[in-house]
Amino acid sequence: MLTVDSLSVGFPGNQVLQDVNFHLPQGSFCGLIGTNGSGKTTLLRTILGLVTPDKGKIETGVGGIGYVPQKIQLDPFMPLRARDVVALGIDGHHLGVPLPSPSRRRAVDSMLAEVGATEFANRRVGDLSGGQQQRIMIAHALVRGPRLLLLDEPLANLDIRSVAEVIALLHKLVVEQKITVLLSAHDMNPLLPVMNQIVYLAHGRSVSGAVEEVVRSSVLSSLYGYHIDVIQVHGRVLVVAAVGAEARTTEMAHEPVHVTSIP
Amino acid sequence: MLSNFMINTWTVASLVAITAGLVGFFTVIRGASFAAHTIPLSTFPGAAAAVLLGVNQVLGLIVAASLSVIGINALSRRGQPDVATAMTLVMMLGLGTLCLSQISQYSQQVYALLFGQVFGISQASITPIAVIDIFAAGALLMLFRPLLLSSLSTDLLQARYLTATRLNLAFLIILALASAVALPVVGALLVFSLMVGPASAARNITSRPVLAMGLTVLISLFTVWTAIVLSYVTNWPVGFFVGGFGAIAYSAGRGALRIRRWKPSPIS
Ligand SMILES: Nc1ncnc2c1ncn2[C@@H]1O[C@H](COP(=O)(O)OP(=O)(O)O)[C@@H](O)[C@H]1O
Ligand SMILES: [Mg+2]
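The structure presented is a predicted model; accordingly, all values stated were derived computationally and were not measured. Within each chain, residue numbers correspond to sequence positions counted from 1 in written order. In the order they appear in the text, chains get letters beginning with A and ligands get numbers beginning with 1. Residues qualify for local features only when their pLDDT is at least 70, as the model is predicted, and side-chain atom pairs are given and counted only at 80 or more; totals for whole chains, interfaces and linings, by contrast, use all residues. Hydrogens and water molecules were not included; the side-chain quantities draw on all heavy atoms of the structure.

The numbering of helices and of strands both runs from the N terminus, where a helix is a DSSP run of H or I of at least 4 residues and a strand a run of E of at least 2. A tally of helices and strands in chain B yields 11 helices and 0 strands. Relative to the 2.2 N^0.38 estimate, which gives 18 Å for 268 residues, the radius of gyration of chain B is 19 Å and therefore close to what a compact globule would have. By its C-alpha atoms, chain B is 70 × 45 × 30 Å across when sized along the principal axes. The proportion of buried residues among the 268 residues of chain B is 53%. Throughout, a residue-residue contact means that at least one pair of heavy atoms, one from each residue, lies within 4.5 Å. Within chain B, counting contacts between residues at least 6 apart in sequence, those at least 24 apart form 76% of the total. For the radius of gyration, the atoms used are the C-alpha atoms, and the globule rule reads 2.2 Å times the number of residues raised to 0.38. Exposure is judged per residue with a 1.4 Å probe applied to protein chains only, and the accessible area is read against the type maximum: over 50% gives exposed, under 20% gives buried, and values in between give partly exposed.

In structure tokens:
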């Protein structure tokens, strides 16, 4: 469960989010879609309590929040195995050097199995592929059993096969454990088969709801402030700036042209 | 070599090696090598000033180390920690040059501070060095997990009291303390190599974090002990041998990693 209520967040001289509202029932798979700089990371960090909002309320329900940050610095030489990263999810904020603990080891092993990472559990994280690292970070975020999982651009820099694998894993977690997932991305295309909610950010404002409600010409046009067409071609959806929006071309250069398909 | 006086030398050198090893492990993991290079060098003017004023060297070192941490930290708030570190280094080196120009008649002491003179550690310095080393090592062991976690991403530190800024400041202070007390032993120019050499080697030998940290300390101890013996025998500065071993340890670690990562290419 996640409720964001008239949330406004800004940094000095830069209003990033203005009056953002949405509600995700437990077990939602929600895509947080917006271009670079639209405030996706800021929204997620505000939900986590790392950024203090100017205004508004956030309710996250019970059970803690799991988080997969956008920029994970994995030095290839870092002396850290995949299983160590997952274990840090259990007690990484505790003081002192960890002592061997059978119960922690069992928790780590079962989490690794859950994300399909048993095979590379003892490998150095820096040696793993991007998709494998994301699995480990998801295991790290989930090992304490949170009911809400936030992921910041987990699909960026992954090859097509890894993207599909990570999405399938998250979908399985949502279905089997009724976890609520809020995942940021600049391209909604790969998420369409699995997501049932969408929060679309542009110019500090947001629209949200079921995918079919949001990805519509009238909704996106009012969000961007100029006309946007949503065209269906062979069952795929094309989001493009309409002819006549030339006056805004400079701005449009920063906006997405989404090629998406609604099942 | 094992006279009463030498026992003190061995004890202090071993404590310095353990703490420098621990600090080095986290320096390498956090990619803080530049700070680890800057702090010992900017701590050096403190010792020079202490010689000039006739106060305890350790005191001078701690004051200068604190000044450089305050400098790096205050300047980093405007972004670009690397620039802040460089600015601090330049300012402190300027101060050091000034002090040096005033104490030319003490060139022997200055030489010892730059290159290390473990046999010359004064009796009065031993207790403060030991206390500070034990404190710094203890603090690092306490912060082991948060430091590892924040090396993945500072946003993962969700505990309210342990923010990324506070953890970074704590690390800089520990680094400064460890540098200050390592300086009279291995010298300002080579504290850095004692910190970075063993840690770089250890992280390439094993991928287990606790083991890598333990191995770092062992390599560091071995380096310092061997350097003392060789320095005693040859009368060359300890720092020379510490630097040499740092380089050898690092190369050996790279070699070990290359061998472990090497997979025979399939014959087609
Ligand atoms: N800590 C910060 N201090 C000041 N400005 C910030 C900070 N974090 C983000 N911003 C600004 O907020 C805006 C949104 O950034 P971000 O949330 O990272 O967007 P996204 O994740 O969608 O790319 C950008 O203009 C960025 O410069
Ligand atoms: Mg972002």
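Moving on: the packing of aromatic side chains. Residues and elements named next belong to chain B. Paired rings are identified among Phe, Tyr and Trp, the last through its six-membered ring, by centres lying within 6.5 Å, and are further divided according to the angle between planes into stacked (under 30 degrees), edge-to-face (over 60) and tilted (the rest). On inspection of all chains with the given rule, the structure shows 6 aromatic pairs over all chains. Taking the centre distance of 5.1 Å and the plane angle of 80° together, the rings of Phe25 and Phe26 count as edge-to-face. Take Phe25 and Phe26: they sit in the same class, and that class is buried. Pairing Phe26 with Phe144 gives two aromatic rings, centres 5.9 Å apart and planes at 80°, and the pair type is edge-to-face. With a gap of 118 residues between them, Phe26 in helix α1 (residues 4-30) and Phe144 in helix α7 (residues 144-152) connect regions that are remote in the sequence. The structure contains a cluster of three or more aromatic residues connected by ring pairs, namely Phe25, Phe26 and Phe144. Charge-over-ring contacts are defined here by two conditions on Lys NZ or Arg CZ: a distance within 6 Å of the ring centre and an angle within 35 degrees of the ring normal. Sitting above the plane of the Phe171 ring, Arg30 keeps its charged end 5.1 Å from the centroid.

A pocket here means an open set of points on a 1 Å grid, computed over the protein atoms alone, that has protein on both sides within 12 Å along at least five of seven lines. A cavity is instead a set of points where a 1.4 Å probe fits but cannot get out; residues with an atom within 4 Å of a point line either one. Grid points are joined across faces, edges and corners, and a volume is the space filled by probe spheres set on the points. For the largest pocket, the calculated volume is near 910 Å³. Around the largest pocket, the lining is made up of 32 residues, and of these Arg30, Ala32, Pro81, Thr154 and Asn168 of chain B lie nearest the centre. Counting only elements with at least two residues in the lining of the largest pocket, the list comes to α1, α2 (33-53), α3 (57-76), α4 (81-102), α7 and α8 (164-186) of chain B. Per-element accounting of the lining of the largest pocket gives the leading share, 6 residues, to α8 of chain B. Split into classes, the residues belonging to the lining of the largest pocket amount to 13 nonpolar, 14 polar and 5 charged. What the second largest pocket holds in volume is close to 520 Å³. Lining of the second largest pocket is provided by 22 residues; of these, Arg81, Asp84, Pro98 and Arg104 of chain A together with Val210 of chain B occupy positions nearest its centre. Note that Gly is not counted as nonpolar here; it falls among the polar residues with everything else outside the nonpolar set of Ala, Val, Leu, Ile, Met, Phe, Trp, Tyr, Cys and Pro and the charged set of Asp, Glu, Lys and Arg.

Bringing unusual backbone geometry into the picture now. In terms of backbone geometry, most residues other than glycine have negative phi values and most peptide bonds are trans. With phi around 65°, Asn157 of chain A is a residue other than glycine that occupies positive phi space. Look at His203 of chain A: it is not a glycine, yet its phi comes out positive at around 50°.

Two faces belong to every sheet, and in a regular strand the side chains alternate between them. Residues and elements named next belong to chain A. Of all 6 residues making up strand β7 (residues 180-185), 6 are buried, and the element is well covered by its neighbours. Judged by which residues are buried, β7 turns out to be covered on both faces: Thr180, Leu182 and Ser184 on one side and Val181, Leu183 and Ala185 on the other are all buried. At least two DSSP bridges between two strands are needed for those strands to be called paired. Across 5 bridges, the pairing between strand β6 (residues 148-152) and β7 is parallel. Within β7, the residue paired with Leu148 across the bridge is Thr180. Traced from β6 through helix α5 (residues 160-177) to β7, the parallel crossover comes out right-handed. Here is how to tell: hold the view so the strands point away, follow the path from the first strand over the helix to the second, and if it runs clockwise the crossover is right-handed.

With that out of the way, let us pick up the sheet that holds β6 of chain A. Across a sheet, paired strands are connected by hydrogen bonds in the backbone, their directions being either parallel or antiparallel. Residues and elements named next belong to chain A. Read across the open sheet, the 6 strands follow the order β5-β6-β7-β3-β8-β9; overall the sheet is mixed. Since the sheet does not close on itself, it has two edges, and those belong to β5 (65-68) and β9 (205-209), each with one partner. Neighbour-to-neighbour, the strand axes of this sheet turn through a mean angle of 15°, independent of strand direction. Two strands pair when backbone bridges link them, and strand β3 (residues 29-33) and strand β8 (residues 197-202) are joined in this way by 4 bridges, in the parallel orientation. Residue Ile33 lies in a different strand from β8, and its bridge partner there is Tyr200. Against the sheet, α5 contacts β3, β6 and β7, and its axis sits at roughly 135° relative to β3. Note on geometry: axes are C-alpha line fits, over the in-contact stretch for helices, and angles between N-to-C directions span 0 to 180 degrees.

Moving on to the coordination of the magnesium ion (ligand 2). Under perfect tetrahedral coordination by four donors, a metal shows angles of 109.5 degrees; under perfect octahedral coordination by six donors, it shows angles of 90 or 180 degrees. All names here are of chain A. Here a donor is an N, O or S atom found within 2.8 Å of the metal, or within 3.2 Å if the metal is Na, K or Ca; sites may look incomplete because water is not among the atoms. The protein atoms that coordinate the magnesium ion (ligand 2) are Thr41 (OG1) and Gln70 (OE1), at distances spanning 2.0 to 2.4 Å. Taken as a pair, Thr41 in helix α1 (residues 40-48) and Gln70 in the loop between β5 and α2 (82-91) lie far apart in primary sequence, 29 residues in all. Overall, the relative accessible area of 26% leaves Thr41 in the partly exposed class. The class of Gln70 is partly exposed, set by a relative accessible area of 33%.

We now examine helix α11 (residues 238-261) of chain B. Take the number of residues in a helix, subtract one, and multiply by 1.5 Å to get its expected span. The terminal C-alpha atoms of α11 of chain B, which comprises 24 residues, lie 35 Å apart, in line with the 34 Å expected from a rise of 1.5 Å per residue. Every buried residue of α11 of chain B is listed here: Val238, Gly239, Phe241, Val242, Gly243, Phe245, Gly246, Ala249, Gly253 and Leu257 of chain B.

Before going further, it helps to examine the packing of helix α6 (residues 123-142) of chain B against α8 of chain B. Residue and element names in this part refer to chain B. Between α6 and α8, the least distance of the axes is 9 Å, while the angle of their chain directions is 150°. Classified by the interaxial angle, the pair formed by α6 and α8 is roughly antiparallel. The interaxial crossing formed by α6 with α8 has left-handed handedness. Here Ile129, Ile132, Asp133, Phe135, Ala136, Ala139 and Leu140 of α6 lie close against α8, whose contacting residues are Phe171, Ile174, Leu177 and Val181. When grouped by side-chain class, the residues that make up the contact of α6 with α8 number 10 nonpolar, no polar and 1 charged. For classification purposes, an angle smaller than 35 degrees is called roughly parallel, one larger than 145 roughly antiparallel, one from 65 to 115 roughly perpendicular, and anything else oblique. Whether a crossing is left-handed or right-handed is set by the direction in which the near helix is turned from the far one by less than a right angle, anticlockwise for left-handed and clockwise for right-handed.

Treat this as a map of the structure, not an account of what it does.
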